[in-house]
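Structural overview
Residue-level listing of the chains:
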Amino acid sequence: MDAKQYMAGVFDRASGTYEQVGVPFFGPVAAELVRQAAPEPGDRVLDAGCGTGASLVPAAGAVGPTGRVVGLDLAPGMVAATAAEIDRHGLTHATVLQGDAERAEELLPGERFDVVLAGMMLYFLPDPLAAVRSMTGLLRPSGRLAASLLAQASPAEIELLGLVARALAPYTTAAGTAPFHRTLSTAEELTELLKEGGLDGVRCEDVVFEVTVEAGQVWDWLWSAARRASLETIPEARHPDARAALEDALAYETFVLPRTVRFATGTRV
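Residues numbered from 1 in each chain as written. Predicted model: local features only at pLDDT ≥ 70, side-chain atom pairs only at ≥ 80, totals over all residues. Heavy atoms only, no water.

**What to know about the pattern of salt bridges**
A side chain with one charge may pair with a side chain of the opposite charge, provided their charged atoms come close. One pass over the full model with this rule turns up 17 salt bridges. Arg35 serves as the salt-bridge partner of Glu32, at 2.8 Å between the closest nitrogen and oxygen. Taken together, the residues span about one helical turn, with Glu32 and Arg35 both in helix H2 (residues 26-37) at a distance of 3 residues. A residue is classified by how much of its surface remains accessible, and Glu32, at 14% relative accessible area, is buried. In this structure, a network of salt bridges that share partners links the residues Lys4, Asp100 and Glu102. (Salt bridge = Lys/Arg side-chain N within 4 Å of Asp/Glu carboxyl O. Helix = DSSP H or I, 4+ residues; strand = E, 2+ residues; numbered from the N terminus. Buried < 20%, exposed > 50% of the residue type's maximum accessible area, 1.4 Å probe, protein only.)

This is the structure in structure tokens:
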């Protein structure tokens, strides 16, 4: 299995609990991404790597019934979750497709969008430049692409993940890590990626989101998104022991984690 299919599987398996364990993070980040992208009534929006629809729903609200929003995700579970959100909100001008952002132009032939959203996904891709080029190719002239990435861990998050790694060392290696491609760790690298992908006027802004995690939520939180990749080697029969070991090792009842998210926007040349 290649890296792309592996990550699609991780997110497919996480789709049932993604942003559902009482630790909101992706929702506020998605709302900020839509704010920075600034879709207008009547606009056409592509939400690439749409997850469970955290950006798609506010984008659909911004463009209104005269606009159109298309979600795209490689994980079947995420596509199903987004489809359920579209139905729940009665968004007749929104739809979702299963597919690869690196092949967005092939999947949506002849389509043109005013805005493309790429929320928290570029650093999971084996070839992020191919994805940016393909997404940019779907923008109309002067259309905008907006991306977000987790930029850096705070000392509080580093402390928590260190506790996780030590507590779960008897059960698995690299517990708490996330399978990001580290080549996008600076604003300069992200800016250069978007420029190479055909965008102009690229600007970056870092925004800090404060995430509160109770000790009893840490295990479920780790399993609910990309960090579950480092935990899936724990045999299911050992999950209760591993969870108990983790919770015994946590130093505080509540962890307050400032998480810095980098937003970047650019316009099609």
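Alright, that's what it looks like, and here's the rest.
**Considering the pairing of strand E2 (residues 68-73)**
Among the 6 residues in E2, 5 count as buried, and that is most of the element. Viewed along the sheet, the connection from strand E1 (residues 44-48) through helix H3 (residues 56-63) into E2 turns out right-handed. Bridge analysis of E2 against strand E3 (residues 94-98) gives 5 bridges, and the strand direction is parallel. Looking across to E3, one finds that Gly71 is bridged to Val96. (Right-handed = clockwise from strand over helix to strand, strands pointing away. Pairing = 2+ DSSP bridges.)

**Regarding the packing of aromatic side chains**
One pass over the full model with this rule turns up 9 aromatic pairs. When the centroid spacing of 5.1 Å and the interplanar angle of 80° are considered together, the rings of Tyr123 and Phe124 count as edge-to-face. Exposure class is identical for Tyr123 and Phe124. Each is buried. Ring centres 5.7 Å apart and planes at 50° place the aromatic pair Trp219 and Trp223 in the tilted group. Separated by 4 residues within a single helix, Trp219 and Trp223 lie in helix H9 (residues 218-223), roughly one turn from each other. (Phe/Tyr/Trp six-rings, centres within 6.5 Å; stacked < 30°, edge-to-face > 60°.)

**What to know about the nonpolar core**
In terms of nonpolar packing, the biggest core is built from 94 residues, with Leu117, Leu122, Met135, Leu168 and Leu246 touching the most fellow members. Ignoring any residue separated from it by four or fewer positions in sequence, one finds Leu122 in contact with Pro128, Val132, Met135, Ala147, Leu149, Leu184, Leu190 and Leu193. (Core = buried A, V, L, I, M, F, W, Y, C linked by side-chain atoms within 4.5 Å. Contact = heavy atoms within 4.5 Å.)

**What about the environment of Val63?**
The topology assignment puts Val63 in helix H3. Along the primary structure Val63 and Trp219 are separated by 156 residues, whereas in three dimensions their C-alpha atoms are 38 Å apart. In contact with Val63, not counting residues within four places along its chain, are Pro39, Glu40, Pro41, Gly42, Asp43, Val45, Arg68, Val69 and His93.

**Looking at the pairing of strand E7 (residues 254-268)**
Note: strand E5 (residues 139-153) against E7, 9 bridges, orientation antiparallel. Paired with Leu149 across the strands is Arg262, a residue of E7. As defined by bridge partners, strand E6 (residues 199-214) adjoins E7 across 14 bridges and the pair is classed as antiparallel. The residue of E7 that forms the bridge with Leu199 is Arg268.

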